[in-house]
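Working through the structure, step by step
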Amino acid sequence: MKILAVDDDELIRELLLATLEAHGYTDVTLAESGEDALRKISAAGTPFDAFMIDIQMPGMDGIELVRLVRDMSRYRETPVVMITAMNQKDYIDRAFLAGATDYVTKPFDTTELITRIRLADKLQSETRRASAALAGPHHEKHKPAYGEPVAIEEIKGYVSNGVLQNYVMIMKDQKQLAIGAFAIRVPELERVHAGSSSEEFAYVVTDVAEVISDTLVGTQAFVSYIGAGVFLCVGPKRMLPEAETVQDHLFTMLNDSDLVYCEDVATNFSAQVGAVSSPKLLERRDDLRFLERAVSNLHSIQRHHPLGRPSGLAGHLASHAA
């Protein structure tokens, strides 16, 4: 695993290098600033597999560096772990909005740091396997199962399922327990999946994700598509809108062909919005059952909407969290 670690503090750089090398990560490049990092990225013969980036640095800060890294096509999905003394929610939110994968606060515990790097390593491996699986024989596109997530890029507030779980754990670390999660299901996506190509389905899911993100503007919520037509939304509980309000907005926007359009399958769209679920006071940081409860809250709605009933979604979410 090839790692670029960026920090303006020489002692921190030396500590990162020693910690990584002691745990078998020997291909490590150090940079002392955002500008230095960009030079080393440009000069790299082979791409980096992960980045570790401080936020507060003279000149270009770490969040701006993440944005610039994410603008590079080869690094759209590369894990980025922020390592910073800034533990305020505003900094955490800005880092994830810029494209961070994970977030570690200083002074960091070396065991915790290596755990995060191993998670980043696992995420990188899974991303590569998923990319390879998309290409079948003779480079034909393989169509993922309906229950599988789809890659979505460049939508503000949208993150992958793994990144959403990282964000939740960081919020719990920082005692930000006043967060909530709710699930949205668009049942007609099942028909779109059955009748369209892999690319067309991904386009439609991306359109739907953008509509949901636009609906939640101002709520500081993050959105993730977990598969089977279901989107998870996580944000400050006091700022999350009422389910009926979300449903009304989505019905209008999802059926605007300028916003959501499927060339292969003609359909009207609807949205099922579940009740908000919150973490319990004594839950561990890695206990993500409140996200499963948010998905389960769709079940009571689905009993009245027999068109769609995704089975095993809570288990699917749990398998990603494992």
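If you look the protein up in an unreviewed UniProt entry, it shows as Response regulator from Antarcticimicrobium sediminis.

1. A word on helix H3 (residues 62–70)
Helical geometry: 3.6 residues make up each α-helical turn, so side chains three or four residues apart lie on a common side. If you check which residues of H3 are buried, you get Gly 62, Ile 63, Leu 65, Val 66, Val 69 and Arg 70. The arc enclosing the buried residues of H3, seen along the axis, measures out at 155°, which places them on a common side. A distance of 3.3 Å separates the backbone nitrogen of Ile 63 from a side-chain oxygen at the start of H3, and that oxygen is part of Asp 61.

2. A closer look at the nonpolar core
Grouped together as the largest cluster of nonpolar side chains are 48 residues, with contacts concentrated most on Phe 51, Ile 53, Met 82 and Tyr 103. Of the residues forming this core, the biggest block, seven residues, is contributed by helix H6 (residues 161–173). Both of domain 1 (3–135) and domain 2 (143–304) provide at least three residues apiece to this core. Those residues in contact with Tyr 103, other than ones at most four positions away along the chain, are Ile 55, Met 82, Thr 84, Met 86, Tyr 91, Ile 92, Ala 95, Phe 96, Arg 116 and Ile 170. Core analysis: the next-biggest nonpolar cluster, separate from the first, contains 35 residues, Ile 155, Ala 221, Cys 233 and Leu 240 among them.

3. Comments concerning helix H2 (residues 34–43)
Those residues of H2 that fall on the buried side of the exposure criterion are Gly 34, Asp 36, Ala 37 and Ile 41. On an axial view of H2, the arc spanned by its buried residues comes to 155°, and they lie on one face. Structural note: H2 exposes Arg 39, Ser 42 and Ala 43 on the side pointing more than 90 degrees away from its buried face.

4. Let's talk about the pairing of strand S1 (residues 3–6)
With burial as the criterion, each face of S1 is covered, one bearing Ile 3 and Ala 5 and the other bearing Leu 4 and Val 6. Strand direction decides the pairing type here: S1 and strand S2 (residues 28–31), joined by four bridges, are parallel. When the bridges of S2 are listed, Ile 3 appears paired with Val 28. Regarding topology, helix H1 (residues 10–22) serves as the crossover connection from S1 to the parallel S2, and that connection is right-handed. Relative to strand S3 (residues 50–53), S1 is paired through four bridges, and the arrangement is parallel. Its bridge partner lying in S3, Ile 3 is registered against Ala 50.

5. Examining the sheet that holds strand S8 (residues 230–236)
Across the sheet, four strands lie side by side as S7-S8-S6-S9; this open sheet has antiparallel pairing. Edge positions in the sheet fall to strand S7 (222–227) and strand S9 (272–273), since each has one partner strand and no second. Sheet analysis places S7 next to S8, joined by five bridges and oriented antiparallel. Note on S8: the bridge partner recorded for Ser 224 is Leu 232. Seen against the sheet, H6 touches strand S6 (179–185), S7 and S8 and runs at an angle of roughly 135° to S7.

6. Overview of the pattern of salt bridges
One pass over the full model with this rule turns up ten salt bridges. Asp 36 is the partner of Arg 39 in a salt bridge, and the nearest nitrogen-oxygen pair spans 3.7 Å. A residue pair is termed a helical-turn pair when its members lie 3 or 4 positions apart in one helix, as Arg 39 and Asp 36 do in helix H2 at three residues. By relative accessible area, Asp 36 is classed as buried at 9%. One connected set of salt bridges, linked through shared partners, spans Asp 7, Asp 54 and Lys 106.

7. Examining the UniProt feature "modified residue: 4-aspartylphosphate" (unreviewed entry) in the protein
According to UniProt, the positions carrying the feature "modified residue: 4-aspartylphosphate" (unreviewed entry) are Asp 54. In this structure, Asp 54 sits in the loop between S3 and H3. Here Asp 54 is in contact with Val 6, Asp 7, Asp 8, Gly 62, Met 82, Ile 83, Thr 84 and Lys 106, once residues within four sequence places are set aside.

8. Focus on the confidence of the model for the protein
For the protein, the mean per-residue pLDDT works out to 85, and 86% of the residues sit at or above 70. Of the regions scoring below 50 in pLDDT, residues 136–140 engages in three contacts with residues more than four places distant in sequence or in other chains. When the criterion is pLDDT under 50, residues 318–322 qualifies, and its contacts beyond four places in sequence or with other chains add up to seven contacts.

9. Considerations on a negative patch on the surface
A surface patch of negative charge is lined by Asp 8, Asp 9, Glu 10, Glu 14 and Glu 32. Counting through the fold element by element, Glu 32 comes out in the loop between S2 and H2. Glu 32 sits in the partly exposed class, given a relative accessible area of 47%.

10. Structural notes on the pairing of strand S4 (residues 80–84)
For S4, the buried fraction is high: five of the five residues fall into the buried class. Side chains of S4 alternate between two faces, with Val 80, Met 82 and Thr 84 and Val 81 and Ile 83 buried alike. Bridge analysis of S3 against S4 gives three bridges, and the strand direction is parallel. Bridging across to S4, Ile 53 finds its partner in Met 82. At this point the chain moves from S3, through H3, to the parallel S4, and the crossover so formed is right-handed. Of the strand pairs in this sheet, S4 and strand S5 (residues 102–105) are connected by four bridges, and their pairing is parallel. Across the sheet, the residue bridging to Thr 84 is Thr 105, located in S5. The β-α-β motif built from S4, the intervening helix H4 (residues 89–98) and the parallel element S5 has right-handed crossover chirality.

Calculation notes
- Residues numbered from 1 in each chain as written.
- Predicted model: local features only at pLDDT ≥ 70, side-chain atom pairs only at ≥ 80, totals over all residues.
- Heavy atoms only, no water.
- Buried < 20%, exposed > 50% of the residue type's maximum accessible area, 1.4 Å probe, protein only.
- Helix = DSSP H or I, 4+ residues; strand = E, 2+ residues; numbered from the N terminus.
- Arc of directions from axis to C-beta.
- Polar contact = N/O pair within 3.5 Å; in protein donor to acceptor, adjacent residues only side chain to side chain.
- Core = buried A, V, L, I, M, F, W, Y, C linked by side-chain atoms within 4.5 Å.
- Domains from an automatic or database assignment.
- Contact = heavy atoms within 4.5 Å.
- Pairing = 2+ DSSP bridges.
- Right-handed = clockwise from strand over helix to strand, strands pointing away.
- Axes fitted to C-alpha atoms, helices over the stretch in contact; angles between N-to-C directions.
- Salt bridge = Lys/Arg side-chain N within 4 Å of Asp/Glu carboxyl O.
- UniProt positions renumbered as here; feature names shortened; annotations may be inferred.
- pLDDT = per-residue confidence, 0-100.
- Patch = residues over 30% accessible without salt bridge, like charges linked within 9 Å, V, L, I, M, F, W, Y side chains within 5 Å.
- Areas by Shrake-Rupley, 256 points an atom, 1.4 Å probe, with all protein chains shown as cover.
- Lys, Arg positive; Asp, Glu negative; His and termini not counted.
- Charge placed at Lys NZ, Arg CZ, Asp CG, Glu CD.

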